[in-house]
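What follows is the residue order along each chain.
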Amino acid sequence: MVALAFAVHAVAHAQPLASSEYAAIVSAYRDADPRALTRISPHPASALEPLVRSAVEEAWDVRDLRAAAMLHTESGVSRLRTGRIDEGVAQVNLAAHLIDATIDRSGRHVPYAARWYAAVSEIVRVHSPAWGTALDQRRGDRLASRTGLEALARGRKLEVLAKTGARRISDAPTVHVNPVAAFEEAVHLDPDLHEAWLHLGRLRMNEPDAAGGAMHALGRAAASPERRIRYLSAMFLGSIHEREGRFSDAEHAYRRAADTYPWAQSARLALAHLLSRTTREAEAREVIAQQIQQPPGEVSDPLWTYYAAPDELLDATLRELRIEVMR
Amino acid sequence: VTRLALAIAACQIVQAPQEPPPRFRVGVESVSVDVLVTDGNRAVAGLRASDFELRDSGVAQTIAATEMNDVPLSLLVALDTSSSVQGPMLRRLAEATRAAVDLLKPVDRAALVTFSHVLALRAGWGASPEALHTALAQAEGTGFTSLNDAAFAALTLRDDRPGTRSLVLLFSDGEDSMSWLPEQAVVEKARRTDAVVYTVGNVDHTSGRSTRYGAEVQLWPRDPRQLREASSFFRELAEITGGHTFRVPQEDDLRETFARIVTDFRSRYVLTYTPAGVDHAGWHPIEVKVKGRRGRVTARRGYVK
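Residues numbered from 1 in each chain as written. Chains lettered and ligands numbered in written order. Predicted model: local features only at pLDDT ≥ 70, side-chain atom pairs only at ≥ 80, totals over all residues. Heavy atoms only, no water.

J.: Before we go on, may I ask you to explain the overall build of chain B in this structure?
T.: Within chain B, the secondary structure is distributed over 6 helices and 17 strands. Expressed as a percentage of the 305 residues in chain B, the buried residues total 57%. Here the analysis covers contacts within chain B between residues at least 6 apart in sequence; of these, 80% occur between residues at least 24 apart. Total accessible area on chain B stands at roughly 11700 Å², and carbon and sulfur atoms take up 48% of it. (Helix = DSSP H or I, 4+ residues; strand = E, 2+ residues; numbered from the N terminus. Buried < 20%, exposed > 50% of the residue type's maximum accessible area, 1.4 Å probe, protein only. Contact = heavy atoms within 4.5 Å. Areas by Shrake-Rupley, 256 points an atom, 1.4 Å probe, with all protein chains shown as cover.)

Shown next as structure tokens:
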């Protein structure tokens, strides 16, 4: 899949694409066919725009809309990074249109859209600051009306501020109060906001005698349609089980996480550590050996972007977004 | 001991220490301790079992001793290849690794793990020195640092071939910024293996604290991550396993340090004994002394039964 990013070759004088051809290219992209980017790259954004609009008007399946969005995102980012700013921005603009359409079709796709906006606007800002800011504004317009999401965003911001303060005043027990309240508000306003449940559960893990509350919240997060959320909730649940001495439950949770996200590193580290501390050394060794023999480019881990500040690990975020739309 | 896969284990020297090559008998619950004796900066050679006094949980034990030079060595090199080491530092690391590997004998083995936020096995046990050098040449400095995860993986992947002694050489120029595992998990792992860990870090590393957003996520609430300098973690890891920690200036040539680590390890003695009078489970502190002469003893602090 990484090879996709390097597969862009401009070809002059391309014939206009038919709608069916465009759909086939998107389908190929979803199948991780590296030729998809090669096939789309000769066509300028201006020629593709009618096809994108048709896809939206024809109410493509949301998963296909997201796949098309990632196809144009990758096409756009590769152009931005090679100095073809205008065409790159135009391709990303097509992607934004498709992402917006997924929000219009279903509120369930808002978290994905939010992550896409956050990652891509940072990348674009590096190459075209004004348009990066415009993309941020567009994100605000698209997402601001969802009050649960507003509370979620406020919680994340408070968390960052609280952590910064905690480093100064070394007052860890108090720093999570405000973010917890914000996440509680978010899930009150929108009980299906799985990402808010995830953050709430993780913060409750740090409260004394609050494992039950944490498990409830993480259990709600585990129902997310997003693999990333399901992965992280399984990891955090495993951590709770492990520290409570329920090793069998912990192993089950870590294995579930590993199944959710192939070759995510943290799930296998957690599993190997658990096996090792329960004297299953040979199994621990096998788990680690399998993991670290993976080509580094194939390894992706939602924990990395969960740990990272919003402007870090943009490429990793893009990779996650891409993986999420692949078949 | 055997059940805990302490490596400490499962092999016993059945030959006189001075009759190389030594043979090992598998299946006996024995403990092997790698011991370095120094007088100033000089390793003391030529010692016999009768020159040592070893106590397991305070109880004197009957030991056999052999010089490490006569025992196959398994070297696992774990190198930080995060973005902070890109460029000249990465080249120095490659040269230093070559210097260490070049000191290995044909019976020895080496493996190479690199880590940024991604852990990667660049060359597994049995790889030729050239394959190892080629693999390292292809590494690039990029990404964050999963130091704890890498240290745990290195200890887990130590060579389990019977009759060898395991040396882990761990280099990082900064703090952990992306691991799942806390330091405590690595320290506990180190207590349960017989690998000797030598750590190398930069003396002029000044960041002091991880910058990662999630550094205080505290997935381990009962033992919260305490952000501390990597040097402190490195020191603890080395002391527990009986190794040593080196802090070198960032611009220094690392070849001498890496080569010295292999040379130091070769200068050790392997003290082996079948524990007597100490049947309890759990942590067994080990105390090793040299009798009747000057000498500083470096050995692991104990083992978990």
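J.: What is the right way to read the nonpolar core from this model?
T.: In a soluble, globular protein the nonpolar side chains are often hidden away together inside. Counting residues in hydrophobic clusters, the biggest one holds 124 residues, and the most contacted among them are Tyr22(A), Trp116(A), Met235(A) and Phe236(A). By size, the runner-up hydrophobic cluster in this structure holds 35 residues, among which are Leu75(B), Leu79(B), Ala96(B) and Val196(B). (Core = buried A, V, L, I, M, F, W, Y, C linked by side-chain atoms within 4.5 Å.)

J.: Explain helix 17 (residues 314–325) of chain A to me, please; I cannot follow it from the model alone.
T.: If you check helix 17 of chain A, its first and last C-alpha atoms are 17 Å apart, about what 12 residues at 1.5 Å a residue would give, namely 16 Å. With respect to burial, helix 17 of chain A is a largely interior element, 11 of its 12 residues being buried. (Expected span 1.5 Å × (residues − 1).)

J.: What am I meant to see in the sheet that holds strand 15 (residues 283–290) of chain B here?
T.: One key point about sheets: their strands pair by backbone hydrogen bonds, in either a parallel or an antiparallel sense. Residues and elements named next belong to chain B. Pairing within the open sheet is antiparallel, and its 4 strands lie in the order 6-5-15-17. Whereas interior strands pair on both sides, the edge strands pair on one side only; in this sheet they are strand 6 (59–60) and strand 17 (302–304). When strand 15 meets strand 17, the two strands line up antiparallel, connected through 3 bridges. For Trp283, the partnering residue across the bridge sits in strand 17 and is Val304. (Pairing = 2+ DSSP bridges.)

J.: How do you make sense of helix 10 (residues 194–204) of chain A when you look at a structure like this?
T.: Given 3.6 residues per helical turn, the α-helix brings residues three or four places apart onto the same face. For helix 10 of chain A, a buried count of 11 out of 11 residues is recorded, marking the element as mostly surrounded by other parts of the structure. Three or more residues of helix 10 of chain A are buried, namely His194(A), Glu195(A), Ala196(A), Trp197(A), Leu198(A), His199(A), Leu200(A), Gly201(A), Arg202(A), Leu203(A) and Arg204(A).

J.: Just to check I follow, could you spell out the packing of aromatic side chains for this structure?
T.: Think of a pair of aromatic rings as described by two things: how far the centres are apart, and how the planes are tilted against each other in angle. Residues and elements named next belong to chain A. Summed over the entire model, instances satisfying the criterion amount to 7 aromatic pairs over all chains. Ring centres of Trp116 and Tyr117 lie 5.2 Å apart, and the angle between their planes is 75°; on these two criteria the pair is classed as edge-to-face. By relative accessible area, which is 0% here, Tyr117 ends up buried. Directly above the ring of Tyr261 sits Arg227, whose terminal nitrogen or CZ lies 4.6 Å from the centroid. (Phe/Tyr/Trp six-rings, centres within 6.5 Å; stacked < 30°, edge-to-face > 60°. Lys NZ or Arg CZ within 6 Å of the ring centre and 35° of its normal.)

J.: Whenever I open this one, the pattern of salt bridges confuses me. Can you help?
T.: Any two side chains of opposite charge can pair, given that their charged atoms come close. Scanning all chains against the criterion turns up 35 salt bridges over all chains. Linking Arg66(A) and Glu324(A) is a salt bridge whose minimum nitrogen-to-oxygen distance equals 3.8 Å. With Arg66(A) in helix 4 (residues 62–81) and Glu324(A) in helix 17, the pair connects residues that are 258 residues apart, well separated along the chain. Relative accessible area serves as the criterion here: at 13%, Glu324(A) is assigned to the buried category. Between Arg255(B) and Asp253(B) there is a salt bridge, with the nearest N and O atoms lying 2.7 Å from each other. Of the residues examined, Arg255(B) reaches a relative accessible area of 39% and is grouped as partly exposed. The class for Asp253(B) is partly exposed, based on a relative accessible area of 38%. (Salt bridge = Lys/Arg side-chain N within 4 Å of Asp/Glu carboxyl O.)

J.: Could you clarify how one ought to interpret the sheet that holds strand 13 (residues 245–248) of chain B in this entry?
T.: All names here are of chain B. What the 6 strands build is an open sheet, ordered 10-9-8-11-12-13; its pairing is mixed. Because the sheet does not close on itself, it has two edges, and the strands there are strand 10 (119–123) and strand 13. Here the strands of the sheet are splayed against their neighbours by 20° on average, with no regard to which way each runs. (Axes fitted to C-alpha atoms, helices over the stretch in contact; angles between N-to-C directions.)

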